[in-house]
Amino acid sequence: MESVQRQNVMLPSPYRVHRVHRETEDTFTLELTGKDGAAPSEFIPGQFNMLYAFGIGEVPISISGRSESSGGWLQTIREVGTVTRALHRMKRGGVLGLRGPFGTGWPIEEAQGNDIVFMAGGIGLAPLRPALHVVQSKRDQFGEVVLLYGARTPESLLFEKERELWRAKFGVQVKVTVDAAGREWKRNVGVVTSLVERTSFDPDHTVAFICGPEVMMRFSVAELKQSGIPEDKIYISMERNMKCAVGFCGHCQFGPTFICKDGPVFRYDRIRRFLAVREI
Amino acid sequence: METLEPILSKHPFFKGLDKAYLELVTGCAKNVRFDAGQFIFRQHEDADVFYIIRQGKVALELSPPGRAPVTLQTINEEEILGWAWLVPPYHWRCDAQALELTRAIAFDGKCLRNKCMEDHSLGFELLNRLLPVIGKRMEATQLQLMDVYGAKK
Amino acid sequence: MTNEPRIIERNALNRLLEVLVQEGYQIVGPTLGEGAIVYGPVQSSEDFPAGWTDEQEGGVYRLKKRADKALFGYVVGPHSWKKYLHPPERRLWTGQANGTDFELTPEPIESTRFAFFGVRSCELHAIEIQDRVFIHDDHVDEDYKARRENAFVVVVQCGQAGKTCFCVSMNTGPKAESGYDLALTEILDEGRHFFHAVAGSPKGAAILQQVEARAATSSDNAEAEETVQKASQQMGRTLDTAGVKELLQENAEHPRWDLVADRCLSCANCTMVCPTCFCSTVEDTTDLTGDHTERWQKWDSCFTMDFSYLHGGSVRASTKSRYRQWLTHKLSSWIDQFGSSGCVGCGRCVTWCPVGIDLTEEVRSIREDKLVPLSSKKEASNGNA
């Protein structure tokens, strides 16, 4: 991949939509292989690709896993604009453009031998999923594994089967909550931060990975800190406008960092002071 | 009644409370249970009681006229249900419904608040424990209001 | 390579241009146009703005006649060489649909060999700053790299400075010390008009050898040195750069940002004229059939609302936050990102700001009334603990 990228980092390569998975009303997952069906390269959980819909445009999307059957990359996308709408219309066998993978990933090695807390908000579960897959593949190398997941409504919750698998088969403490629900929902309602005190982990030996809307991540960090996890054991995945993904276009600057190459995954204590500044 | 004191003394809500006060609080406490679907209290009713949930799950709900009920928050094991008993005008602000079989310790809030009027130290101790519960609930409401997961189009 | 300075008489300057053309360079340099001195194609030395100078102040640029016929008797205009190295618009690739498939064809790498004639020291530093963004960082912009490697740089040292100049403060001039192929100093003295020339690279030496010139005498050298010295004493502005990185990062909530936001029009002029601003966006244009598409890269500015658009809104919605982003990036976070300041002290952003906002003044105000005293940073944090 590296040598191909060197040629022209701004030129998307063709990838084939091997399958389309419908997740919720507005969210779907594309399974992408090479045009010839080959499995794409290695990636670090937390990294993202720039996906290009022909004639429409490009968007950064985190890799949400790898398909066990085709070996293809999974990209879970919520339809929020023109490009994601075009991607939503893609059918099996269709071709899209792709550049990547780019950026930093979740430091899973650092969590080995420790407890690990995943906190996800909304579509933020997607970039965490491949990290959970790694944990699942070597479960015995981790202590307590906790997944706290908040979403807007019960209908917008993602990856139910997998969450159940992690809970039942891999001993993951999975706690889910939604912001609002009708009476038919018999599970938690409330903010994702309220789940922290209902779980057990050893704060002195825990690494936390958070992904979700920025506001949700701020509150989550505060809650985890209160529970005793030090700031340098908390990692968050940031998001900003992005055009090039390689540090040329300047759009994704966040304080002195570029989200595209210094992030998207940052250790919290390293960006705390910039997070505190409004409109930075 | 004495059987509840060791349980209460260990609960975070009463942690550090003076022994005399703890005995007084224990004197106002009893075990209760609610079946799934049973309403524990209803909006606008007098709030004369509060609970520590020991087992089960309770939904705080609003039922806007002409619309389906909305669950605002769920209260789980070890958490405090109800703060309106100590905040005038002592009316419940929403409905509370047990989502499953729920066991709780119920406290006579009316009795306790009268004691608080007489003994402001007790009043301070209880308010000091209850205000964070209200604060957290308010913060949660603010977060929900921001609708952070919502898709802006 | 011989590094001995040579003297090229004014009437032999065209020979230098001819040699450059013979060597396959397309010469671009200062010309009169758009009511200013701008960079454009140059055929002969007659195209240079002989006898013209520029008068600059905050929000002011005016061409004026000189008393002499100096070719490079001005400071800098609104253009910078980035328009040739990092063009305002560049097609990245074209795409052709083919049923459900498509093919993308990258734009050929730019092969024009430019000779930049009349590069100032601040501009040379600006080019080196953009090199760090496009060549020496994690990824390489191959098109920029090719343009850069192909370019031949002829410096003309500054003989005067403008009222918005502060290269001395930024340590970027007025004398270009290295990084050029040829460095000229234009000297007009008692009816004489000649150029003191130094080669800065084997390429430069090879070109210089082909031009009619004589060895410079020690008095020629002294005169050349004096010319630049004069410019260094004419700086119209100063900027105290000591601790400016921390100063701006720690004063993100300074009230001065509100004051400057009241004046700033968010017009983006400063970013367009800045020789180091590199931000760009991409635009896809598709024909009516939808089968043919092109991706264009275009200069963008952090002063636009769209720049920070994310999920239905702008991260930097206020003018205050956008000005703060620009200035803090330029003088502060640039150092974190690329190891140097992003400012070369050319003064263009001051001159071309319609309301005359002066970054040196903004920094001074924040420094004089800083929220977090730099020297007592430690005590302050201890005091709060």
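As shown above, the structure is provided for reference.
To keep things clear, this report deals only with the structure shown in the data block. On a predicted model such as this, the values are computed, not experimentally measured, just so you know. (Residues numbered from 1 in each chain as written. Chains lettered and ligands numbered in written order. Predicted model: local features only at pLDDT ≥ 70, side-chain atom pairs only at ≥ 80, totals over all residues. Heavy atoms only, no water.)

Structural notes on the overall build of chain A
Helix and strand content of chain A: 8 helices and 15 strands. Taking 2.2 N^0.38 as the reference for a compact globule, 280 residues should give roughly 19 Å; the C-alpha atoms of chain A span a radius of gyration of 18 Å, in line with that estimate. Over its C-alpha atoms, taken along the principal directions, chain A stretches across nearly 50 × 45 × 35 Å. When contacts within chain A are restricted to residue pairs at least 6 apart in sequence, long-range pairs at least 24 apart make up 69% of them. If the 36 positive side-chain charges of chain A are averaged to one point and the 32 negative ones to another, these points end up 5 Å apart. (Helix = DSSP H or I, 4+ residues; strand = E, 2+ residues; numbered from the N terminus. Rg over C-alpha atoms; globule rule 2.2 N^0.38 Å. Contact = heavy atoms within 4.5 Å. Lys, Arg positive; Asp, Glu negative; His and termini not counted. Charge placed at Lys NZ, Arg CZ, Asp CG, Glu CD.)

A look at the pattern of salt bridges
Inspection of the entire model under this criterion finds 49 salt bridges over all chains. For Arg113(B), the salt bridge identified is with Asp48(B), shortest N-O distance 2.9 Å. With Arg113(B) in helix H3 (residues 109-118) and Asp48(B) in the loop between strand E2 (39-41) and strand E3 (49-55), the pair connects residues that are 65 residues apart, well separated along the chain. Beyond isolated ion pairs, a larger network of salt bridges with shared partners links Arg90(C), Glu110(C), Asp141(C), Asp143(C) and Arg147(C). (Salt bridge = Lys/Arg side-chain N within 4 Å of Asp/Glu carboxyl O.)

Digging into the interface of chain A and chain C
Taken together, the contacts link 39 residues of chain A with 53 residues of chain C. Buried surface at the junction of chain A and chain C, summed over both partners, amounts to about 3,800 Å²; 54% is from carbon and sulfur atoms. Applying the counting criterion to the chain A and chain C interface returns 3 salt bridges. Inspection of the chain A/chain C interface yields 19 residue pairs in polar contact (both at pLDDT 80 or more). Broken down by element, the residue count for the side of chain A that touches chain C peaks at 4 residues, all from strand E6 (residues 95-102) of chain A. Broken down by class, the residue content of the side of chain A that touches chain C amounts to 17 nonpolar, 12 polar and 10 charged. (Buried area = accessible area lost by both parts, 1.4 Å probe. Polar contact = N/O pair within 3.5 Å; in protein donor to acceptor, adjacent residues only side chain to side chain. Nonpolar A, V, L, I, M, F, W, Y, C, P; charged D, E, K, R; others polar.)

Structural notes on the pairing of strand E11 (residues 192-199) of chain C
Two faces belong to every sheet, and in a regular strand the side chains alternate between them. Residues and elements named next belong to chain C. Most of E11 is tucked away, with 6 of its 8 residues classed as buried. Here strand E1 (residues 6-9) runs beside E11; their pairing, made up of 4 bridges, is antiparallel. Across the sheet, Glu9 pairs through a bridge with Phe194, a residue of E11. Both strand E10 (residues 182-189) and E11 contribute to a ladder of 8 bridges, which runs antiparallel. Considered in E11, the bridge of Ala183 is made with Val198. (Buried < 20%, exposed > 50% of the residue type's maximum accessible area, 1.4 Å probe, protein only. Pairing = 2+ DSSP bridges.)

Focus: the sheet that holds strand E6 (residues 80-81) of chain B
All names here are of chain B. The antiparallel open sheet is built from 4 strands, whose spatial order is E1-E8-E3-E6. Edge positions in the sheet fall to strand E1 (29-34) and E6, since each has one partner strand and no second. The pairing of E3 with strand E8 (residues 102-108) spans 6 bridges and is classified as antiparallel. Bridge pairing links Ile53 to Ala104 in E8.

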